[in-house]
Amino acid sequence: MSAPTLELGVNIDHVATLRQARYRDQPTEGPRRVEPDPVAAALACEAAGCHGITAHLREDRRHIIDRDVRRLREAIRTRLNFEMAITPEIVAFALDIKPDIVCIVPERREEVTTEGGLEVVGHEEAITATCARMRDAGITTSLFIGPDPAQISAAARAGADAIELHTGRYGDHWHLKRERNDEIQRLVAAARQAHELGLQVNAGHGLNVENLPLIHLVPHLVELNIGHSIVSRAVFIGLDAAVKEMLKAMEGYPG
Ligand code: PXP
C-alpha cells in the first residue's frame, strides 16, 4: 500500500495582515489599488498544489475581513477551512457562508496569534452545541487543541470530526533538543489517542521547512495548516515556490 499524502492547508491570514498594515482604514473595494489581495494569494497557492485554504476571521478583524471570506468561498476550488471563535456573530457568519470545515480556536484580543489550544474541558456544552449546529449544516468540525489527553477525550465527547494539534510549543522549542523531543512524544501520543477515538488528526502552528521533518514522526496526520513561514518565504522566492517547497518537505510522510 502506498503512503498517504500529507495534505497542506495554507493559512492566508498573513497576506491580509500585510494589506491591513497599509489599508486598514480604507475601503477594500473601489478604484484604488489595495494590495496584496488574500484571494489572489489563495488562488496562487491552489495553483501551486496546496489542498486547502485556511482563514481566521477574528473578532477584531485585524487581518481577514468578512468580504475576504465571502470571496474565498466563491473563488477557491479546494476546501475552505474557516477558523473561528464561538461567538454568536462569528458562528452565524459561518452558518451563512458554509465553509467546508470550521476549526474552532480560542481567541484573546491581546494575543499576537492563536497562542494556546482550545479549553474543551470546561466549555464542553458550548462546543458540543456548536459542533451539532455545524454538522446539521453539513460542515465538518475541527478543534484546535494542545496535545493533552483530557482535551482530546473531551473533543471526542463534544462530537468533533477532527482535531488540529497545536504545534506551536514544538516550533517554539525546536532549537532545544530535549524540549522538542518531549513535545514530539506528546504529539505522537495525542495523535494515537485521537485516532483511536475516531477523530481525524490535523496539525499546525509554527511549522516551517526546518522543523517539519520531525513532524513526520507523528502518526495518523491528514493535514497540516501552515501560514506564517510560507508567506515569509514568499517574500524571497514567491508564493508558488514557497508552497511547492513546503509540499516537498511534506513528501514521504509514512502515515
Ligand atoms: N492553525 C491554526 C488553528 C492557527 O490559528 C494558525 C495561525 O494562524 C495556523 C494553523 C498557522 O500557523 P502559522 O501561521 O504559524 O503557520
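Residue indices follow the written sequence of each chain, beginning from 1 at its first position. Note on the predicted model: pLDDT of at least 70 is required for a residue's local features to be given, and 80 or more for side-chain atom pairs to be given and counted; whole-chain, interface and lining totals, by contrast, use all residues. As a rule here, side-chain values come from all non-hydrogen atoms in the structure, and water together with hydrogens is ignored.

Examining the pairing of strand β7 (residues 200-204)
Next up, step 1: Counting buried residues along β7, 4 of its 5 residues qualify, which places the element largely inside the surrounding structure.
Next up, step 2: When DSSP finds two or more bridges between two strands, those strands count as paired. Numbering of helices and strands runs from the N terminus; a helix is a DSSP stretch of H or I covering at least four residues, while a strand is a stretch of E covering at least two. With 5 bridges joining them, strand β6 (residues 162-166) and β7 adopt parallel strand pairing. Residue pairing for β7: I163 is matched across the bridge by V201.
Next up, step 3: Bridge count between β7 and strand β8 (residues 221-226): 4 bridges; the pairing is parallel. Paired with V201 across the two strands is L221, which belongs to β8. Residue exposure (1.4 Å probe, protein chains only): buried if accessible area is under 20% of the type maximum, exposed if over 50%, otherwise partly exposed.

Points about the site of the ligand
Next up, step 1: Nearness is defined per residue: one heavy atom within 4 Å of the molecule or strand is enough. Around the ligand sit 14 residues, and of these H14, E164, G206, G227 and H228 come closest.
Next up, step 2: Counted as a polar contact is a pair of N or O atoms within 3.5 Å, where, for protein atoms, one must be capable of donating a hydrogen and the other of accepting one, and residues adjacent in sequence contribute only when both atoms are in side chains. Separating an oxygen atom of the ligand from a backbone N or O atom of G206 is a distance of 2.8 Å.
Next up, step 3: In this structure, an oxygen atom belonging to the ligand sits 2.8 Å away from a main-chain N or O atom of G227.
Next up, step 4: Computed on the free molecule, the ligand has an accessible area of 390 Å², of which 95% lies beneath the protein chains in the complex.
Next up, step 5: Among the residues making up the shell around the ligand, the classes are represented as 3 nonpolar, 9 polar and 2 charged. Only the protein chains shown count as covering a residue, and every accessible area follows the Shrake-Rupley method with a 1.4 Å probe. Under this grouping Gly is polar, as are all residues other than the nonpolar Ala, Val, Leu, Ile, Met, Phe, Trp, Tyr, Cys and Pro and the charged Asp, Glu, Lys and Arg.

As for the layout of surface pockets
Next up, step 1: Looking at the second largest pocket, its volume works out to about 260 Å³.
Next up, step 2: Think of a 1 Å grid over just the protein atoms. A cavity is a set of points where a 1.4 Å probe fits yet cannot get out, a pocket is an open set with protein on both sides within 12 Å along at least five of seven lines, and lining residues have an atom within 4 Å of a point. Together, 13 residues line the second largest pocket, and H14, V15, L18, V231 and V235 are the ones closest to its centre.
Next up, step 3: Within the residue set of the lining of the second largest pocket, elements represented by two or more residues are α1 (13-23) and α10 (228-237).
Next up, step 4: The leading source of residues in the lining of the second largest pocket is α10, at 5 residues.
Next up, step 5: The residue inventory of the lining of the second largest pocket, partitioned by class, reads 8 nonpolar, 4 polar and 1 charged. Grid points are joined across faces, edges and corners, and a volume is the space filled by probe spheres set on the points.

Let's talk about the sheet that holds strand β1 (residues 7-11)
Next up, step 1: Pairing within the closed barrel is parallel, and its 8 strands lie in the order β1-β2-β3-β4-β5-β6-β7-β8. Ignoring strand direction, the axes of neighbouring strands in this sheet form an average angle of 25°.
Next up, step 2: With 4 bridges joining them, β1 and β8 adopt parallel strand pairing. The partner of V10 across the bridge, within β8, is I226.
Next up, step 3: Any two residues having at least one pair of non-hydrogen atoms within 4.5 Å are treated as being in contact. Every angle, taken between N-to-C directions, lies between 0 and 180 degrees, and every axis is a line fitted to C-alpha atoms, over only the stretch in contact when it is a helix. Docked against the sheet, helix α5 (residues 124-136) engages β3 (79-84), β4 (101-104) and β5 (140-145), running at close to 150° with respect to β5.

With respect to the state of the cysteines
Next up, step 1: Cysteine sulfur pairs qualify as disulfides if the two atoms are within 2.5 Å. All chains considered together, the criterion is met by 0 disulfides.
Next up, step 2: This cysteine, C50, is not joined by any disulfide, and C45 carries the nearest cysteine sulfur, 5.3 Å off.
Next up, step 3: Of all cysteine sulfurs in the structure, the one in C131 sits closest to C103, which takes part in no disulfide; the separation is 10 Å.
Next up, step 4: With relative accessibility at 0%, the residue C103 sits in the buried group.

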